Amino acid sequence: MFLIRWPIGRLILLLNFIFSPSAPKRSAQLQKEVDASTAHLSLYQLPACPFCVKTRRAMKRFGLNIEIRNINQHEEYREELIREGGKRTVPCLKIVNEDQSVTWLYESGDIIKYLEKFAR
């Protein structure tokens, strides 16, 4: 399986690099406001996962600067995702609510739909 996944993953990363979407042009003040509105979000992901790439492309298209947590490079992120989120599935958006409770949002389509409200 590795012999299939590895080259396909690299191909996905290459195509993502070549055809990367552009971020919207915003004033520095508006971008600062957008960044503040997304400071409570973290995306748990894997670099070559096609659904993670889809989610990161949407983040770039919306101009959202959200912390990206690679669960393969950092064992503590992977353990937190499993312990608190309940499963090792990526992409997963960690949402820290105003009352400090945490919501774990899985599925790239659901994550992108949630992130649309931060795009201005």
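Anything mentioned here points back to the structure above.
Sequence order sets the numbering: in each chain, residues are counted from 1 along the sequence as written. pLDDT decides what is reported in this predicted model: residues at 70 or higher carry local features, side-chain atom pairs at 80 or more are listed and counted, and totals for whole chains, interfaces and linings draw on all residues regardless. Based on all heavy atoms of the structure, the side-chain values leave hydrogens and waters out of the count.

**A few points about the side chain of Asn70**
Reasoning step 1: Positionally, Asn70 belongs in strand E2 (residues 67-70).
Reasoning step 2: Nitrogen and oxygen atoms within 3.5 Å of one another constitute a polar contact, given that in protein one can donate a hydrogen and the other can accept it, and given that sequence-neighbouring residues count only through two side-chain atoms. A polar atom in the side chain of Asn70 sits 3.4 Å from the backbone nitrogen of Gln73.
Reasoning step 3: In contact with Asn70, not counting residues within four places along its chain, are Gln45, Leu46, Pro47 and Tyr77. Helical segments are the DSSP runs of H or I of at least four residues, strand segments are the runs of E of at least two, and each set is numbered from the N terminus. We call two residues in contact whenever any of their non-hydrogen atoms come within 4.5 Å of each other.

**What about the sheet that holds strand E1 (residues 41-45)?**
Reasoning step 1: For two strands to be treated as a pair, DSSP must find at least two bridges joining them. Across the sheet, which stays open at both edges, the four strands sit in the order E2-E1-E3-E4 with mixed pairing between neighbours. The open sheet has two free edges, formed respectively by E2 and strand E4 (102-106), since each of these has just one partner strand. Across the sheet, the mean angle separating the axes of adjacent strands is 25° when strand polarity is ignored.
Reasoning step 2: In this structure, E1 lies alongside strand E3 (residues 92-96), joined through four bridges in antiparallel fashion. Fitted lines through C-alpha atoms give the axes, limited to the stretch in contact for helices. The angle between two N-to-C directions lies from 0 to 180 degrees.

**Let's talk about the environment of Trp6**
Reasoning step 1: Relative to the elements of secondary structure, Trp6 occurs in helix H1 (residues 2-18).
Reasoning step 2: For the pair Trp6 and Arg69, spaced 63 residues apart in sequence, the C-alpha separation works out to 20 Å.

**Here's the deal with the nonpolar core**
Reasoning step 1: Counting 15 residues, the largest nonpolar core has Leu41, Leu64, Ile66, Leu93, Tyr114 and Leu115 as the members making the most contacts within it.
Reasoning step 2: Those elements that place two or more of their residues in this core are E1, helix H3 (50-62), E3 and helix H5 (108-115).
Reasoning step 3: The element that contributes the greatest number of residues to this core is H5, accounting for four residues.
Reasoning step 4: Not counting residues within four places of it along the chain, the set of residues in contact with Leu64 comprises Val34, Thr38, Met59, Leu115, Phe118 and Ala119. In this text, buried Ala, Val, Leu, Ile, Met, Phe, Trp, Tyr and Cys residues form a nonpolar core when linked through side-chain atoms within 4.5 Å. Here's how the labels work: a residue is buried when its accessible area is under 20% of the maximum for its type, exposed when over 50%, partly exposed in between, all with a 1.4 Å probe on protein chains only.

**What about the pairing of E3?**
Reasoning step 1: Counting buried positions along E3 gives four out of five residues, so the element sits mostly inside the fold.
Reasoning step 2: Bridging between E3 and E4 involves five bridges; their strand directions are antiparallel. Paired with Cys92 across the two strands is Tyr106, which belongs to E4.
Reasoning step 3: Counting the residues between successive antiparallel strands, the hairpin from E3 to E4 contains five residues, one of them, Gln100, with a positive phi of roughly 70°.

Remember that the coordinates give geometry; whether it matters functionally is a separate question.
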